[in-house]
Amino acid sequence: MSDTRNLFNRVWDNHVVRELASGQSQIFIGQHLIHEVTSPQAFQMLRDRGLKVMYPERTLATVDHIIPTQNQARPFADDLAEEMMSAIEKNCDEFGITLLDLKDHRQGVVHIVGPELGVTQPGMTIVCGDSHTSTHGAFGSIAMGIGTSQVAAVLATQTLPMSRPKVRRIEVNGELGPGVFAKDVALFIIRKLGVQGGVGYAYEYAGTVFDAMTMEERMTVCNMSIEGGARCGYVNPDQTTIDYIRGRPFAPQGAAFERAAEYWLSLASGPDAEYDDVVVFDAADIEPTVTWGINPGQSVGVNEEIGAVDSFPASERAGVREALDFMELQEHQPIKGLKIDVAFVGSCTNGRISDLREAARVAEGHRVADHVRALIVPGSQQVRQQAEEEGLDKIFEEAGFQWRAAGCSMCLAMNPDKLSGREICASSSNRNFKGRQGSPTGRTLLMSPAMVAAAAIAGEVVDVREIAAPVGV
Amino acid sequence: MKKIVQVTGPGIPLLLDDIDTDRIIPARYLRCVTFDGLGDHVFKDDREQHGDHVFDRDHHKDAKILIAGRNFGCGSSREHAPQALLRWGIEAIIAESFAEIFHGNCTALGIPCVHATPQQLKHIAAAVEADPSLHLTVCIETSTVTHGDTKHDCHIHEGTRTALVSGQWDYLGELLEGEPEIRATAGKLPYMTNFA
């Protein structure tokens, strides 16, 4: 009998330690990633109970959320940030965990660092106290965000109690048009299936669009699974995956790599794999997309107008009205032409080298509009170095963008980079929630890095295809 | 282990959909190494922008049971969100649906997440608004919410319900008991030896 399990269920079955009294499964966690914000209380829980870390070599720590992207001299100007930095240094030292701190050239945003070091591999279970852990699913792993009590459990036992989710296959077939990027695919899926459409599901992304994507593009889509309510999303491993991992420092080397590659490919869902649900989209329907509201499902194609309240299902209308009110936008208003104050390229969604290349391609030879403050924040020190080797930093600076050090920066504004007052930010990040970018009344428009660069130059939301001739995906 | 079988107390209605954890506790309050004091900042920005927020109303100050809408707790995985609600005084949440990470965080803290229909939620919220001192009773064993003579049959995820009533929601001890099986599972995973 053939094995009709999809990748998710194969990987899940490999990691079941035992069934628990609650009916949940105790699941082994292959890789644990931690950062400074959601870990200090977890280490304290271990101390309070007199526990050790069971597999310290299976946890990797970095710092990203609170670190400044300009002046990184210690102690930080923010006492609270300094206290958190000191805490993770002390905790990692005491419990024997490797920490990529600011002095380590491998430091960066946790979901950028894991893949680029080869820590993230297919067939693993990967967790981190951060909802965008879904990023790592791009490799064909089960990767999901957890809370701090769960961080403590993983530190102490390398396991978590979990209930098996359902699996929905999302196929996107055809070819993306010029100027349409992985970010647009993610925003399109969330718009179609809703911000809670994925609750209870793991998403398997498939179809010719995903087959053709680079690993960095797959990471962008998987990253935003959680914005559609799915705790994890994945792409089946293929030759693109193998080629990406080969030679990375934490990856198996030599003959071991060949054994690993064979194993990884064997986990992929087969043609007769079974799913709880399947949805199919056509790439031709996806346009450069911009959010207009206060959740990532509230978006339109750049040449569309914002819908009338009555055009939404009755159960969503109160939320649509709240969003229009907060954003100071009207029904039927075109999103194109909306003036922006700030532009931000960065984050675990779109802070990789390919994102910076696309933004630089648009920026080259132009100037940031006088009224716009524009930041380019590489997702890791290695991304920053690569960009500088390619001269991208010069392109950005000559165009009037600020070139910053690696960190989460203005995605969530736990550091000095934030909006003020009612500013509107064109942002390559993942959330447009009220107050997300640091000002309680600040406003966020999510879009691809190329669209952010175009908006920075025009000073307003524009269709990137009218400014430059982007190569596209 | 503490068994959680029932929560009784006044309710507080917040029937909005898609309330994200940034709204429950803005990121600037995550610059901390303990969860102490987070209760003071729950819904901070909403409360400052809109006077008369339900969490500021004196007649709800003793509330223990939050009545919410659809997809409550979406977004960031921050456990600071349920920690802030708990420290403000919330011991149970009834909603149409919950974001999964938030739901897991609540269970790990012993906060029952109860699923109810929009009609049930409207009915419960109306009863609480009519009499804020009204005591609601969330019974975990039967997945019901009761006030006065009215009983609503609701839903609690089976694994969660069993974990709460058995005391296994505080799962660290149970997980640790599986150490031999943990090591056996690890031994079968090829990446644990880097495919040597």
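It should be noted that the structure appears before, not after, this text.
Residues numbered from 1 in each chain as written. Chains lettered and ligands numbered in written order. Predicted model: local features only at pLDDT ≥ 70, side-chain atom pairs only at ≥ 80, totals over all residues. Heavy atoms only, no water.

(A) Summary view of the interface of chain B and chain A. On the side of chain A, 79 residues touch chain B, which itself brings 60 residues to the contact. When chain B packs against chain A, the two sides together hide about 5500 Å² of surface, and 58% of this comes from carbon and sulfur. Summed over the shared surface of chain B and chain A, the number is 4 salt bridges. Asp78(A) is paired through a salt bridge with Arg31(B); the nearest N and O atoms lie 2.7 Å apart. The interface formed by chain B and chain A holds 22 residue pairs in polar contact (both at pLDDT 80 or more) in total. Element by element, the count of residues in the side of chain B that touches chain A is highest for helix H8 (residues 179-188) of chain B, at 6 residues. Its residues placed into classes, the side of chain B that touches chain A shows 23 nonpolar, 17 polar and 20 charged. (Contact = heavy atoms within 4.5 Å. Buried area = accessible area lost by both parts, 1.4 Å probe. Salt bridge = Lys/Arg side-chain N within 4 Å of Asp/Glu carboxyl O. Polar contact = N/O pair within 3.5 Å; in protein donor to acceptor, adjacent residues only side chain to side chain. Helix = DSSP H or I, 4+ residues; strand = E, 2+ residues; numbered from the N terminus. Nonpolar A, V, L, I, M, F, W, Y, C, P; charged D, E, K, R; others polar.)

(B) Examining the layout of surface pockets more closely. For the largest pocket, the calculated volume is near 890 Å³. Lining the largest pocket are 41 residues, and of these Ser315(A), Glu316(A), Asp17(B), Asp18(B) and Arg70(B) sit closest to its centre. Elements with a minimum of two residues in the lining of the largest pocket: helix H6 (182-193), strand E14 (299-301) and helix H11 (317-327) of chain A together with helix H5 (118-130) of chain B. Per element, the largest residue contribution to the lining of the largest pocket is 5 residues, and it comes from H11(A). The class makeup of the residues in the lining of the largest pocket is 16 nonpolar, 11 polar and 14 charged. As a volume, the second largest pocket reaches approximately 720 Å³. Considering the residues around the second largest pocket, the lining is formed by 36 residues, among which Gln24(A), Ser163(A), Arg231(A), His103(B) and His157(B) are closest to the centre. Elements represented by at least two residues in the lining of the second largest pocket include exactly strand E8 (159-162) and strand E10 (201-206) of chain A together with helix H4 (100-108) and helix H6 (158-166) of chain B. (1 Å grid on protein atoms, 1.4 Å probe; cavity = no way out; pocket = protein on both sides within 12 Å on 5 of 7 lines; lining within 4 Å. Points joined across faces, edges and corners; volume = space filled by probe spheres on them.)

Read these as spatial facts, not as claims about activity.
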